[in-house]
Amino acid sequence: MFSFRLPSLPFNLPKARTAGFSLGDRTRERTIVDLANPLGFRLGSTSNTASSHSLRKNEMPLPHSVFQPDPSSPVLDRVKQTPVPELNPPTLVVTTEIEASKQQAAWAAVDRHILPHHIVIGIGSGSTVPYVVERIVAQGADVNKHRVFIPTGFQSKELIVAANLRLGDVDQYPVIDVTIDGADEVDRDLNAIKGGGACHLREKVLAEAADTFVPTNAEGPRSRDRLTHSFIIVADYRKNSEYLGTNWKAGVPVEVAPFAYAKVLQNLVLVGSQNPKLRMGKAKAGPVVSDNGNFIIDAPFSTEDLKDPLRILKLIKMLTGVVEVGLFCHMAEAAYFGNVDGSLTVRWADGRVENLAKGAKIVVQ
Ligand SMILES: O=C[C@H](O)[C@H](O)[C@H](O)COP(=O)(O)O
């Protein structure tokens, strides 16, 4: 077990309706805005500048509009003068060998793949990812203040915010330098099953967005430098399999439009799934609902079928009502697996397998 404590907010929040964060440096301030109170915030529209006016009580903002602080507002001055203490970075206590192996994998992947010239970083989901964030924070505020971090879901968003890193979204940054993410199982060709935590739609978008330039000289990226795909998987040794479906028996996670789930269940059987099931909530009556408002089906396939995961991916993806499939085929550049003895196994997309002894120096490739 490890403990990860979110720092408590230094505010008495009941009256606050929304909080605006100015993120990204050590002098950041938090602005608390009570929308029930006319604070002199103006409604700004990106498409219609004529719509700028004071926001009155109960007045709804126009679609596609953004709030812009009125610099002349005395209230804004007052809240700006309230300094906000730094949030503490996550403190992780590793108490089991499995957690230690996750930490090893995450730290090595960060050391190798998140380099000073990388600015836009994708942060995945799952139990190994807190160690990724932990290691990124350890790179220091100086390098991180220039970066923006893109989450794959609620969990990673919380991690980014708690670590005092700048949050962005993939619609702002559709090209990401490096994405590091967990996995449920990875095969010898680096195909992965993902979505055990129902995050695979966003995870796949971030994996696909992850392209980076490899500098050919010490000065940093130039246009002639090599563009490489930089989606990196981190996990413990239990996820490292010859074929998918060896250890992960829950099936392929499939995100579906809620109204279509019953039809998709039927059609999954037609394409070879054995007893697909709608994923039900724990401590919740009803199905799991993803961060995108969709349902999740877990669709088991035989190990034989999963020897060709791309074929299964294509079959499932063609079913009407399917939003995304938790099979990531030929997307990862490398997968880092922490082993129980403290060593690391690194599998690369080109077929190389590296075995690094416990304590071995991690060298940037
Ligand atoms: O939807 C969740 C993600 O795909 C996770 O990366 C995956 O389930 C692995 O999670 P964990 O490390 O908690 O086993």
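Conventions and cut-offs
Residues numbered from 1 in each chain as written. Predicted model: local features only at pLDDT ≥ 70, side-chain atom pairs only at ≥ 80, totals over all residues. Heavy atoms only, no water. UniProt positions renumbered as here; feature names shortened; annotations may be inferred. Helix = DSSP H or I, 4+ residues; strand = E, 2+ residues; numbered from the N terminus. Buried < 20%, exposed > 50% of the residue type's maximum accessible area, 1.4 Å probe, protein only. Contact = heavy atoms within 4.5 Å. Areas by Shrake-Rupley, 256 points an atom, 1.4 Å probe, with all protein chains shown as cover. Lys, Arg positive; Asp, Glu negative; His and termini not counted. Salt bridge = Lys/Arg side-chain N within 4 Å of Asp/Glu carboxyl O. Polar contact = N/O pair within 3.5 Å; in protein donor to acceptor, adjacent residues only side chain to side chain. Near = heavy atom within 4 Å. Nonpolar A, V, L, I, M, F, W, Y, C, P; charged D, E, K, R; others polar. Disulfide = S-S within 2.5 Å.

For the protein chain, an unreviewed UniProt entry supplies the name Ribose-5-phosphate isomerase and the organism Thelephora terrestris. As its UniProt record puts it under Sequence similarities (unreviewed entry), the protein chain is described as follows: "Belongs to the ribose 5-phosphate isomerase family."

> What am I meant to see in the overall build of the protein chain here?
Of regular secondary structure, the protein chain possesses eight helices and 23 strands. For the protein chain, with 365 residues in total, the buried portion stands at 46%. Look at the contacts in the protein chain between residues 6 or more apart in sequence, and 67% of them connect residues 24 or more apart. For the protein chain, the accessible area works out to roughly 18,500 Å², and carbon and sulfur atoms hold 56% of it.

> Which parts of the structure should I look at to understand the side chain of Asp177?
Position of Asp177 relative to the elements: it lies in the loop between helix 5 (154-162) and strand 10 (178-181). Although Asp177 lies buried, it forms no salt bridge, and the closest oppositely charged side chain, Arg147, sits 7.3 Å away as judged by the N-O distance. Among the polar contacts listed, one links the side chain of Asp177 to the backbone nitrogen of Ile119, at a separation of 2.6 Å.

> Just to check I follow, could you spell out the site of the ligand for this structure?
In the region of the ligand, 16 residues are neighbours, and Ser125, Asp184, Gly195, Glu203 and Lys239 sit closest. Within the backbone of Ser125, a nitrogen or oxygen atom sits 2.7 Å from an oxygen atom of the ligand. In this structure, Gly182 approaches the ligand through a main-chain N or O atom, which is 3.5 Å from an oxygen atom. Coverage of the ligand by the protein amounts to 86% of the 370 Å² it exposes when considered alone. Considered class by class, the residues forming the shell around the ligand number three nonpolar, eight polar and five charged.

> What exactly am I supposed to notice about the state of the cysteines here?
Formally, a disulfide is one covalent bond, and it connects the sulfur atom of one cysteine to the sulfur atom of another. If you walk through the whole model with that rule in mind, you get zero disulfides. The cysteine Cys199 is free of any disulfide, with Cys329 supplying the nearest cysteine sulfur at 19 Å.

> Help me out: how do you make sense of the side chain of Ser343 in this one?
Structurally, the position occupied by Ser343 is in the loop between strand 21 (334-338) and strand 22 (344-348). Engagement of the side chain of Ser343 in a polar contact is seen with the side chain of Asp341, the distance being 2.7 Å. With near-sequence residues (within four places) excluded, Ser343 lies in contact with Phe337, Gly338, Leu356, Ala357 and Lys358.

> Would you mind showing me how to read the pattern of salt bridges here?
Side chains carrying opposite charge are able to pair once their charged atoms draw close together. All chains considered together, the criterion is met by 14 salt bridges. Glu354 serves as the salt-bridge partner of Arg112, at 2.8 Å between the closest nitrogen and oxygen. Of the two residues, Arg112 sits in helix 2 (residues 97-113) while Glu354 sits in strand 23 (residues 353-356), which places them 242 residues apart along the sequence. Here Arg112 and Glu354 have matching classes, each one buried. Among the salt bridges present, the one from Arg352 reaches Asp350, with a minimum N-O distance of 3.1 Å. Its relative accessible area of 38% is what places Arg352 among the partly exposed residues. Judged by relative accessible area, which is 57%, Asp350 ranks as exposed. In the salt-bridge network here, residues are joined through shared partners; they are Asp181, Lys194 and Glu203.

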